[in-house]
Amino acid sequence: MWRRSASFVLDKQQQQYDDVEKQESSLLSSTTTPSMAETLQNPSPKISAYYQTRAAHHGVVTSDWLAQAQAAVGRDPDDHPSESSSKSNDSGKPFGVIDDFNNWRKQPDLAEAVAAIRALASVIRSSQATTMMELEIELKKASDSLKSWDTTSISLTAGCDLFLRYVTRTSALEYEDFDSAKLRLIERAEKFGEISYKARKIIAMLGQDFIFDGCTILVHGFSRVVLEVLKMAAQNRKLFRVFCTEGRPDRTGLRLSNELAKLDVPVKLLIDSAAAYSMDEVDMVFVGADGVVESGGIINMMGTYQIALVANCMNKPVYVAAESYKFARLYPLDQKDMVPALRPIDFGVPIPSKVEVETSARDYTPPQYLTLLFTDLGILTPSAVSDELIQLYL
Amino acid sequence: MECSPRTPRIGFDEAILGNTLHHFRAAGFNLTVASGAKKARGISGKAAGTVVEVANDLPATSKPLKEKMSKSERRALQESQRAAKAAAKGGASVHEQPGKTLKQPSQKKDGPQVTSSVAASEKKGGDRPPEKDRKKDVPPPRMQFDDKNRVEKAKRRAVVKQTEARNRVELFRHLPQYEHGTQLPDLESKFFLLDPMHPAVYKVGIQYLAGDVHGGNARCIAMLQAFREAIKDYTTPQEKTLSRDLTAKINSFVSFLIACRPLSISMGNALRFLKARIAKLSATLAESEAKASLCSDIDRFINEKIVVADKVIVGNAVTKIRDGDVLLTYGSSSVVEMILLHAHELGKEFRVVVVDSRPKLEGQALLRRLVGKGLRCTYTHVNAVSYIMPEVTRVFLGAASVLSNGTVFSRVGTACVAMVAHAFHVPVLICCEAYKFHERVQLDSICSNELGDPDVIAKVSGRMDVNYLDNWANKENLQLLNLLYDATPSDYISMIITDYGMVPPTSVPVIVREYGREHLLI
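- The name given to chain B in an unreviewed UniProt entry is Translation initiation factor eIF2B subunit delta, with the source organism recorded as Nyssa sinensis.
- We quote the UniProt Sequence similarities (unreviewed entry) comment for chain B here in full: "Belongs to the eIF-2B alpha/beta/delta subunits family."

- In the nomenclature of an unreviewed UniProt entry, chain A corresponds to Translation initiation factor eIF2B subunit alpha from the organism Nyssa sinensis.
- The UniProt entry for chain A carries this comment under Sequence similarities (unreviewed entry): "Belongs to the eIF-2B alpha/beta/delta subunits family."
- Recorded under Subcellular location (unreviewed entry), the UniProt text for chain A is reproduced unchanged: "Cytoplasm, Cytosol".

Here it is in structure tokens:
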């Protein structure tokens, strides 16, 4: 059980880093147990699988959180089998996809969308379909089951959609015999996965130009893209310092500050509520995104909205780093206009049952509070996102 | 991912590159000539009278190529002609042209030279549309009714005689302001005189005039159906081609309809589609086949762009309605009505606030239909919109048109409702079919608008005691303004729901660009 005050975090950073490392090593062993359970059944729909993975990969996870998650998994196990039994009638394929996807997903360095694409590629590989149409239907089914497996993951949904478009939108396929067409599809899938994989590098190249010597960057949440940008800037001998928000409840900030300390970048940890307090020292805000929506706004870890609001108030630029497979055809009008992604929160002390707890894992930041988006399609203004989406999907 | 949608851009870039190349080549090619020409220009610019001198001067100072020689000679000739005719005629347009080109910078001047001499064949090979076509793309300027000459001309052509309103509003003199109710008897008496008018078109015109058919979609459908009837009954006269004669015929129908009521932007778009279809008809087609294809085109336009589009919009919009919502709508929009009814059919629990305004009170009809279907409704006038707004969670509005800068052109009062909603942080959703999008940009509601009958705002029906404005038309210093539309800036709009999905107002130009052509091509 972790019982930490903010001052503790600030005072004993060093010790905590050690803790983090220890936690991480234990994390690998501890995650295996629930993950085995997860591969076979959808965790309780109440809890977002996406954010659970994020927490496992990026956060400093307490052991009792895992216990809680496990309990949640066990609570209603009869939810999924009924669903899957109906699905498994048709050759059990969807089951395999989810299985496959979860295996890929376990790799901390692999993005969710890329994992989905790899899973779908293996569907093509193992498919017994004999016509293009059959294969397409099979793919569609597989991607649907993937999407419904975790509705809270935007990049999973967007990745599946994009891949389907990328694979099926080719007229050249019609003129070939089926086997070579299939090979080509697999080739395409691998290429797509590669492109998505390289996206982070492209974004890092684009984003590091915005970091100038002597600047202070506020980072919220642990984003691999943002880390890549900062890494690239550090490699290019840029002198800057980073403020990390703590990122409750996953404590993602601790992980990020740990990574940055390894790069010899000066880091300061803030508690989440100190964003406004330290904003006047900050030159720019960097955030990642779980999803970029049609309005050009982003859906990201809880707290992004308030930081963007404060930054906008003080005229500081807010930069978002996000790969294009996170672009989703969603358009939330307000905070509640999304599929709820809930996650358990550990307050460290028992909470009376009468007290309600806000357990949403993410919020929506409207486009007017964002300055620019660094994507592998280039540096975009928020309004350009919709243009790209229209061209991608229509 | 980034294959097909990109290619047109690349093509475009190439076109630009090619174009600049031409310029470069031109500059390099006649370097010596250009300097000589410049000098000549300078002289002629300074002293307008010394025409002959210029002509003599040019060949002397530089040794130009042969064709350039002829060019300068030609100019000298023109100049002298101008000098001769200048006294008699103030400056006919033909002679004004060389004077104009003289003032242009040298680079621009080189462009036409190239076309005339060296690279004429090359330039035609490029994929840029020829000058004439590009000019066609630009919509003609709207008729400005404060331009006396043009109004006179238009009057002579007009089928319907209209008397101008006496107390015209100063700021809106550029819009047609006629006495209302004067056209109807005139039209009735002229029914048999208006020989070429098809009865279906005539009927629709009268319906527009009387206000029996209103609302963007209804008016557009009525117009298209009338045209379809007219096309069905149409026979090509001897020694005329179908496509030309029919276009002329449609034009005369349209000017009749405009006389009854100005066209809306959506009708303009539909008309553009129809004319493009007529123009694209191949000459080899038999008359009956051509007519059948046009009729099916019209049907398809109505079906795809309006009926199916509405269904898609309804399907999209319903996802934005949650249980417990309070939805506000203003006036009466056919799409919004469909959305509300569909959401109700789906069993969503929500409440509707219908905001209405004088003089049309269209909201009452909507309210009646909604209440009849069992929806829970609140009815209020626009005066109370700031009172009712705090309890509202979504504002659904229809639109007459959405312009390229995201400005929404809609029933007057919409802007007010949208602004109040924005102030209360209530999302404003505009429901509009993509065929109503227009590439024009408009910043205010003054430049282009429609004026209604001023009488209806002076009189309140059924209230004999409100008689302060009786006989207002006799008062010199009173002008009544009954605007029909207003423009809502895009800042106040959260989302536009179209048949291409839900897009932010900043994406309207993308849709116009990507699919604008498609309107003409379906």
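Moving on from the model shown.
Brief notes about the overall build of chain B
Then comes step 1: A count of helical and extended segments in chain B gives 21 helices and 11 strands.
Then comes step 2: Considering only contacts in chain B between residues 6 or more positions apart, those separated by 24 or more positions represent 76%.
Then comes step 3: Accessible area of chain B: about 28200 Å², with a carbon and sulfur share of 56%.

Some remarks on the interface of chain B and chain A
Then comes step 1: On the side of chain A, 23 residues touch chain B, which itself brings 25 residues to the contact.
Then comes step 2: Both sides together, the interface formed by chain B and chain A hides about 2100 Å², and carbon and sulfur atoms give 54% of it.
Then comes step 3: There are 4 salt bridges connecting chain B and chain A.
Then comes step 4: A salt bridge links D334 of chain A to R322 of chain B; the nearest nitrogen and oxygen atoms lie 3.7 Å apart.
Then comes step 5: Where chain B packs against chain A, one counts 9 residue pairs in polar contact (both at pLDDT 80 or more).
Then comes step 6: Among the elements of the structure, β11 (501–503) and α21 (508–521) of chain B are those that each provide at least two residues to the side of chain B that touches chain A.
Then comes step 7: With 5 residues, α21 of chain B is the largest single contributor of residues to the side of chain B that touches chain A.
Then comes step 8: Counted by class, the side of chain B that touches chain A contains 12 nonpolar, 5 polar and 8 charged residues.

Here we look at helix α15 (residues 382–393) of chain A
Residues and elements named next belong to chain A.
Then comes step 1: Between the first and last C-alpha of α15 there are 18 Å, a value that for 12 residues agrees with the 16 Å anticipated at 1.5 Å per step.
Then comes step 2: Within α15, 10 of the 12 residues are buried, which leaves it mostly tucked inside the rest of the structure.
Then comes step 3: Listing the buried residues of α15 in full gives P382, A384, V385, S386, E388, L389, I390, Q391, L392 and Y393.

Some thoughts on the sheet that holds strand β1 (residues 215–220) of chain A
Residue and element names in this part refer to chain A.
Then comes step 1: Pairing is mixed across the open sheet formed by 7 strands, whose spatial order is β3-β2-β1-β4-β7-β9-β10. Looking at strand neighbours, the two that pair on one side only are β3 (267–270) and β10 (378–380), the edges of this open sheet. When the angles between neighbouring strand axes are averaged without regard to direction, this sheet yields 25°.
Then comes step 2: As judged from the 3 bridges shared by strand β7 (residues 318–321) and strand β9 (residues 372–375), these two strands associate in the parallel manner.

Topic: the environment of T506 of chain B
Then comes step 1: In this fold, T506 of chain B is placed in the loop between β11 and α21.
Then comes step 2: For the pair formed by T506 of chain B and T407 of chain B, sequence separation is 99 residues and the distance between their alpha carbons is 9.5 Å.

What to know about the sheet that holds strand β5 (residues 291–292) of chain A
Within a sheet, adjacent strands bond to each other through the backbone by hydrogen bonds, running parallel or antiparallel.
All names here are of chain A.
Then comes step 1: Read from one edge of the open sheet, 3 strands run β5-β6-β8, paired in antiparallel fashion. The open sheet terminates on both sides in strands that have one partner only, identified here as β5 and β8 (362–365).
Then comes step 2: As defined by bridge partners, strand β6 (residues 298–301) adjoins β8 across 4 bridges and the pair is classed as antiparallel. Along β8, the bridge assignment pairs I298 with T365.
Then comes step 3: The strands that helix α14 (residues 304–313) touches are β6 and β8; relative to β8, the one it contacts most, it runs at about 35°.

Looking at the confidence of the model for chain B
Low-confidence regions, as indicated by low pLDDT, have predicted coordinates that should not be scrutinised in detail.
Then comes step 1: Per-residue confidence for chain B averages 75 on the pLDDT scale, and 65% of its residues sit at or above 70.
Then comes step 2: Low pLDDT, under 50, characterises residues 90–129 of chain B; the stretch is placed with 41 contacts to residues that sit more than four places away or in other chains.

Digging into the pattern of salt bridges
Once the charged atoms of two side chains with opposite charge are near each other, the side chains can pair.
Residues and elements named next belong to chain A.
Then comes step 1: The tally for this structure, following the rule as stated, stands at 29 salt bridges over all chains.
Then comes step 2: Salt-bridge contacts for R343 lead to D250; the nearest nitrogen and oxygen are separated by 2.0 Å. With a gap of 93 residues between them, R343 in the loop between β7 and β8 and D250 in the loop between β2 (240–245) and α12 (252–262) connect regions that are remote in the sequence.
Then comes step 3: The buried category is assigned to R343, whose relative accessible area is 5%.
Then comes step 4: Judged by relative accessible area, which is 11%, D250 ranks as buried.

Quick look at the nonpolar core
Then comes step 1: The biggest cluster of nonpolar side chains holds 69 residues, and the ones touching the most others in it are L146, F163 and V285 of chain A.
Then comes step 2: The element that contributes the greatest number of residues to this core is helix α7 (residues 112–126) of chain A, accounting for 10 residues.
Then comes step 3: There are two domains that each give this core at least three residues, and those are domain 1 (29–199) and domain 2 (202–393) of chain A.
Then comes step 4: Not counting the four nearest positions on each side in its chain, V285 of chain A is found in contact with L218, M279, I307, A311, P317, V318 and Y319 of chain A.
Then comes step 5: Of all hydrophobic cores here, the second largest spans 40 residues; its members include Y234, I250, L263 and A270 of chain B.

Here we look at the environment of A274 of chain A
Then comes step 1: As for its placement among the helices and strands, A274 of chain A is situated in the loop between β3 and α13 (275–278).
Then comes step 2: Along the primary structure A274 of chain A and I307 of chain A are separated by 33 residues, whereas in three dimensions their C-alpha atoms are 9.7 Å apart.

As for α14 of chain A
All names here are of chain A.
Then comes step 1: Within the sequence span of α14, burial applies to T304, I307, A308, V310 and A311. Looking down the long axis of α14, one finds its buried residues gathered within 165° of arc, a one-sided arrangement.
Then comes step 2: A positive backbone phi angle near 60° is found at N315, which sits one or two residues after α14.

Quick word on the packing of α7 of chain A against helix α8 (residues 132–149) of chain A
Residues and elements named next belong to chain A.
Then comes step 1: For the pair α7 and α8, interaxial distance at closest approach is 10 Å and the crossing angle is 145°. In the packing of α7 onto α8, the handedness of the crossing is right-handed. On α8, the residues touching A116, L120, V123 and I124 of α7 are L135, E138, L139, A142, S143 and L146.
Then comes step 2: Of the residues belonging to the contact of α7 with α8, the class tally is 8 nonpolar, 1 polar and 1 charged.

Structural notes on the packing of helix α12 (residues 216–232) of chain B against helix α14 (residues 265–280) of chain B
Residue and element names in this part refer to chain B.
Then comes step 1: Taken N-terminus to C-terminus, the directions of α12 and α14 make an angle of 30°; their axes are 9 Å apart at the nearest point. Judged by the angle between their axes, α12 and α14 are roughly parallel. Considering how the two elements wind past one another, α12 and α14 form a crossing that is right-handed. The residues of α14 that touch α12, namely those facing G216, R219, C220, M223, L224, F227 and I231, are S266, M267, A270, L271 and L274.
Then comes step 2: For the contact of α12 with α14, a count of residues per class yields 9 nonpolar, 2 polar and 1 charged.

Things to note about the pairing of strand β4 (residues 394–398) of chain B
Residue and element names in this part refer to chain B.
Then comes step 1: Among the 5 residues that make up β4, 5 are buried, leaving the element largely enclosed by the rest of the structure.
Then comes step 2: Residues R394, F396 and G398 point to one face of β4 and V395 and L397 to the other, with burial holding for every one of them.
Then comes step 3: The pairing of strand β1 (residues 325–330) with β4 spans 3 bridges and is classified as parallel. Bridge pairing in β4 links L327 to R394.
Then comes step 4: Relative to strand β7 (residues 428–431), β4 is paired through 4 bridges, and the arrangement is parallel.

So, the confidence of the model for chain A
Residue and element names in this part refer to chain A.
Then comes step 1: Looking at chain A as a whole, its pLDDT mean stands at 76, while 74% of the residues score no less than 70.
Then comes step 2: For residues 1–41, every residue scores under 50 in pLDDT, and the model assigns this stretch 56 contacts once sequence neighbours within four places are set aside.
Then comes step 3: Across residues 61–94, where pLDDT falls below 50, the model places 43 contacts with residues more than four positions away in sequence or in other chains.

What counts, and at which threshold
Residues numbered from 1 in each chain as written. Chains lettered and ligands numbered in written order. Predicted model: local features only at pLDDT ≥ 70, side-chain atom pairs only at ≥ 80, totals over all residues. Heavy atoms only, no water. UniProt positions renumbered as here; feature names shortened; annotations may be inferred. Helix = DSSP H or I, 4+ residues; strand = E, 2+ residues; numbered from the N terminus. Contact = heavy atoms within 4.5 Å. Areas by Shrake-Rupley, 256 points an atom, 1.4 Å probe, with all protein chains shown as cover. Buried area = accessible area lost by both parts, 1.4 Å probe. Salt bridge = Lys/Arg side-chain N within 4 Å of Asp/Glu carboxyl O. Polar contact = N/O pair within 3.5 Å; in protein donor to acceptor, adjacent residues only side chain to side chain. Nonpolar A, V, L, I, M, F, W, Y, C, P; charged D, E, K, R; others polar. Expected span 1.5 Å × (residues − 1). Buried < 20%, exposed > 50% of the residue type's maximum accessible area, 1.4 Å probe, protein only. Pairing = 2+ DSSP bridges. Axes fitted to C-alpha atoms, helices over the stretch in contact; angles between N-to-C directions. pLDDT = per-residue confidence, 0-100. Core = buried A, V, L, I, M, F, W, Y, C linked by side-chain atoms within 4.5 Å. Domains from an automatic or database assignment. Arc of directions from axis to C-beta. Left-handed = near helix turned anticlockwise from the far one by under 90°. Parallel < 35°, antiparallel > 145°, perpendicular 65-115°, else oblique.

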